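Here's the letter readout for the chains.
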Amino acid sequence: MAFIRRRRLERELYSKERFSLLLLNLEEYYFEQHTANHIINKGHKDERKFRGSLKICSKSIIFEPDDNIQPIIKAFLIKERNVIAPYKTIRGRTEHLFQLDVAGKVGDVVQTLHQITAILQSRLARTSFDKNRFQSISETLHMECKAEMVTPLVTNPGHVCVTDANLYFQPLNGYPRIILQSIQLKVICCNGSEDIYQITSTFFISTIWLIEAATISPNLTKPETFRDLSKPVGALNKERLDRLLTRYQEMPEPKFMYGSHYSSPGYVLFYLVRVAPEYMLCLQNGKFDHADRMFNSIAETWKNCLDGATDFKELIPEFYENDPSFLVNSLKLDLGKRQGGKIVEDVELPPWASGPDDFLQKSQEALESQYVSEHLHEWIDIIFGYKQKGSEAVAAHNVSPNEESFEDLTEESITLAWNNIAKLKLDKQYKIHKEFNFEDVFQRIKNYPEKCVLFKHVAFGRQQDILMGHDDAVSKICWRDGCLYSASWDSTVKVWHCVPGETLSNKKHHFELLAELEHDVSVNTIDLNAANTILASGTKDGTISVWDVTTATVLHQLPCHSGTVFDAAFSPDSRHLLSTGEDCCFKVIDVQTGMLISSVTTDEPQRCFKWDGNTILSGAQSGELLIWDLLGGKVTERIKGHTGAVTAMWMNEQCNSVITGGEDKQIMFWKLQY
């Protein structure tokens, strides 16, 4: 309900604006804007100019014309007219000419595009909150700091200011305007090098399926009218549960019964697409879902959640509130046509509801009924309580993928982990006799200093297959989406498509060579970008090569290091490439231009590392783990680790667990302890 009210307020405040932060990509920031003209067919008789606003973002440029008839252009995605609809994408070479009102600004804009991340941090450090924006001169300042305003699917940097009366947020880019909220706050201060303030408001995004949608006239006094609130959705259908339990019993650790969660951003927007279509377009790369998979009918959705093999979602709070707009296509959105030819319009309601308002009214009556009041605590125990994990979860048939699978993987939680990376503590360590390299959940891949790659079964350690793919030692392997990327001292990187053999059978894997990337000297390390489309390789003569995997062609080649390249890795946004080598240097390359943009000298060789684009966790020749401030070019923390060089490092997706291996034949497991 609060979400719907906020959406209406936004439409009232910004009704004349078509630009939205939802047009940005994940982890992208809107930085600044300039008044400009979009020139079409320059130098021709039909030359035209469209005045508007050129918005500079960290991963794109967006032009918003003043004329609502003209499309918004994002290099190069087009939002047609002033209509909420799937975006139009232009592929191939396209040229757009923009003329700034102030000609002298061109150089500044170009510089901003090349150095936007560093400039963003610099401006945040140099600016402060404008105290003239206080509502009253009598307000007392309690706290001011850099912050990010997090709204659904959007993160916006700026400054937050807390007074005795109000909370203010001032966006660095000026969009939206300063946010003012009068609230009672509990401010939590955590000790550390800097005070960390956390201002939290909590709301539940999940509520309950209560009564069967197909019931003609539900009797709310009878228990059989309601679902069993002591069970999760996945356990309501006994036949489906039996199939899931059979799979669960045969599954190796870590086991789970349900492969999807009861709530997620996608599920919430599934229900809210008619009132928040921009959010759905943002989440799904500018497209609505297929018409037959939309929220078309209460009965169909209930049946799919009851019988479907992968659908176990609950409802959202709007089902038990007073605003039925999420059930009605009042925006006249073109949501597509179903296979039977029916156009997707309003949500089809159960036969016991005369209309959207009546549906919500009867849903509220069901929620407030005596049966639900007596049993609601059982559902809370499953969704939010002690039956989420451990033996109680197993007994309640409530086992989702391992405990870390549904942890918060948002940009904010990962940033928090990296901000506290100095708090890594040794958890376990083991002595080994050979070097292992684990690359896949279901396969354990052991990388010998020989001409082959061995495939081993995780649970039993039994060799399942061998790939004789190179003429010299295999130096590094990557496993991504069913493809194996192997680097070798035979001066090649090879890309293999692998069809795995059957588990615990004698059937061999089938390998198909997709590409061979030839180098002049031995290849020592490789890495792939997040999309698996660009590969970086480092050789024994210090050369870094950036390859287009789809065409097997070199995009850039730079003599970065004097000596062997030990490790190389893309930044999370794939815009930069960091490498370390025998010459005791970190080097940063701009992936798009191929230019060397930064170099940091180290006291000793750094053999391996992980980084978030700003902070580096590296394994040193001495065996220590070092934490680096890349912009400052200095070590901020040293953690005692191995007695020999750290030669390998792995970090989980949450960035709170690290595994290192070293020349001392030790494997060390590290945990982040806040």
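Residues numbered from 1 in each chain as written. Predicted model: local features only at pLDDT ≥ 70, side-chain atom pairs only at ≥ 80, totals over all residues. Heavy atoms only, no water.

## So, the side chain of Asn 296
In step 1: Position of Asn 296 among the secondary structure elements: in the loop between helix 6 (277-283) and helix 7 (298-307).
In step 2: Relative accessible area serves as the criterion here: at 5%, Asn 296 is assigned to the buried category.
In step 3: From its side chain, Asn 296 meets the backbone oxygen of Ala 291 in a polar contact 3.0 Å long.
In step 4: Contact partners of Asn 296, with chain neighbours within four places excluded, come to Arg 274, Ala 291, Arg 338, Val 344, Asp 346, Val 347 and Glu 348. (Helix = DSSP H or I, 4+ residues; strand = E, 2+ residues; numbered from the N terminus. Buried < 20%, exposed > 50% of the residue type's maximum accessible area, 1.4 Å probe, protein only. Polar contact = N/O pair within 3.5 Å; in protein donor to acceptor, adjacent residues only side chain to side chain. Contact = heavy atoms within 4.5 Å.)

## Observations concerning the sheet that holds strand 30 (residues 606-611)
In step 1: Strand order across the open sheet formed by 4 strands is 30-31-32-33, with antiparallel pairing between neighbours. A single partner strand is all that each edge strand has here, and the edge strands are strand 30 and strand 33 (634-639). Each strand of the sheet is rotated relative to its neighbour by a mean of 25 degrees, with strand direction disregarded.
In step 2: Here strand 32 (residues 625-629) runs beside strand 33; their pairing, made up of 5 bridges, is antiparallel. (Pairing = 2+ DSSP bridges. Axes fitted to C-alpha atoms, helices over the stretch in contact; angles between N-to-C directions.)

## Focus on the environment of Ser 217
In step 1: Looking at where Ser 217 falls in the secondary structure, it is placed in the loop between strand 13 (196-198) and helix 4 (238-250).
In step 2: Separated by 134 residues in sequence, Ser 217 and Pro 351 place their C-alpha atoms 7.8 Å apart.

## Examining the sheet that holds strand 36 (residues 666-672)
In step 1: Judged by pairing direction, the sheet is antiparallel, and its 4 strands sit side by side in the order 14-36-35-34 without closing on themselves. In this open sheet, the two strands that pair with only one neighbour each are strand 14 (424-431) and strand 34 (646-651). Averaged over all pairs of adjacent strands, the angle between their axes in this sheet comes to 20 degrees, without regard to strand direction.
In step 2: The pairing of strand 34 with strand 35 (residues 657-662) spans 5 bridges and is classified as antiparallel. Note on strand 35: the bridge partner recorded for Met 651 is Val 658.

## A closer look at the side chain of Thr 225
In step 1: Topologically, Thr 225 is positioned in the loop between strand 13 and helix 4.
In step 2: Of the polar contacts made by the side chain of Thr 225, one reaches the backbone oxygen of Asn 219; its length is 2.6 Å.

## Some words on helix 7
In step 1: Every buried residue belonging to helix 7 is among Ile 298, Thr 301, Trp 302 and Cys 305, and all of these are buried. Here the buried residues of helix 7 occupy an arc of 100 degrees about the axis, which is enough to place them on one side.
In step 2: Against helix 4, helix 5 (265-272) and helix 8 (356-367) lie the buried residues of helix 7.
In step 3: Put simply, Ser 297 is the residue that caps the front of helix 7, since its side-chain oxygen is 3.2 Å from the backbone nitrogen of Ala 299. (Arc of directions from axis to C-beta.)

## Details of the packing of aromatic side chains
In step 1: All told, the structure shown has 16 aromatic pairs when counted by the stated rule.
In step 2: Between Phe 270 and Phe 295, the ring centres sit 5.4 Å apart and the planes meet at 45 degrees, which makes this aromatic pair tilted. Taken together, the positions of Phe 270 in helix 5 and Phe 295 in the loop between helix 6 and helix 7 put the pair 25 residues apart, joining distant regions of the chain.
In step 3: In this structure Phe 270 comes out as buried when scored by relative accessible area, which is 14%.
In step 4: Aromatic side chains Tyr 271 and Phe 295 sit 5.1 Å apart centroid to centroid with 90 degrees between the ring planes, which places their arrangement in the edge-to-face category. In this pair, Tyr 271 is assigned in helix 5 and Phe 295 in the loop between helix 6 and helix 7, connecting sequence segments 24 residues apart. The residues Tyr 271 and Phe 295 share a single accessibility class, namely buried.
In step 5: Clustering of aromatic rings is evident, with ring pairs tying together Phe 270, Tyr 271, Phe 295, Phe 319, Phe 326, Trp 352 and Phe 359.
In step 6: The residue whose ring lies beneath Lys 255 is Tyr 248, and the NZ or CZ to ring-centre distance is 5.4 Å.
In step 7: Lys 313 extends its terminal NZ or CZ atom over the ring of Tyr 267, reaching a point 5.3 Å from the ring centre. (Phe/Tyr/Trp six-rings, centres within 6.5 Å; stacked < 30°, edge-to-face > 60°. Lys NZ or Arg CZ within 6 Å of the ring centre and 35° of its normal.)

## Section: a negative patch on the surface
In step 1: Taken together, the side chains of Asp 471, Asp 472, Glu 516 and Glu 518 define an acidic patch exposed on the protein surface.
In step 2: Here Glu 516 falls in the partly exposed class, since its relative accessible area comes to 35%. (Patch = residues over 30% accessible without salt bridge, like charges linked within 9 Å, V, L, I, M, F, W, Y side chains within 5 Å. Areas by Shrake-Rupley, 256 points an atom, 1.4 Å probe, with all protein chains shown as cover. Salt bridge = Lys/Arg side-chain N within 4 Å of Asp/Glu carboxyl O. Lys, Arg positive; Asp, Glu negative; His and termini not counted. Charge placed at Lys NZ, Arg CZ, Asp CG, Glu CD.)

## Some thoughts on the pattern of salt bridges
It is possible for side chains bearing opposite charge to pair when their charged atoms get close.
In step 1: Tallying each qualifying case throughout the model produces 13 salt bridges.
In step 2: Across the pair Arg 293 and Asp 289 runs a salt bridge whose closest N-O atoms are separated by 2.9 Å.
In step 3: The residue Glu 300 makes a salt bridge to Arg 338 at a minimum N-O spacing of 3.1 Å. Pair noted here: Glu 300 is in helix 7 and Arg 338 is in the loop between helix 7 and helix 8, with a separation of 38 residues, a long-range link.
In step 4: Glu 300 gets classed as partly exposed once you look at its relative accessible area, which sits at 37%.
In step 5: Because the salt bridges share partners, they merge into one network encompassing Asp 292, Glu 300 and Arg 338.

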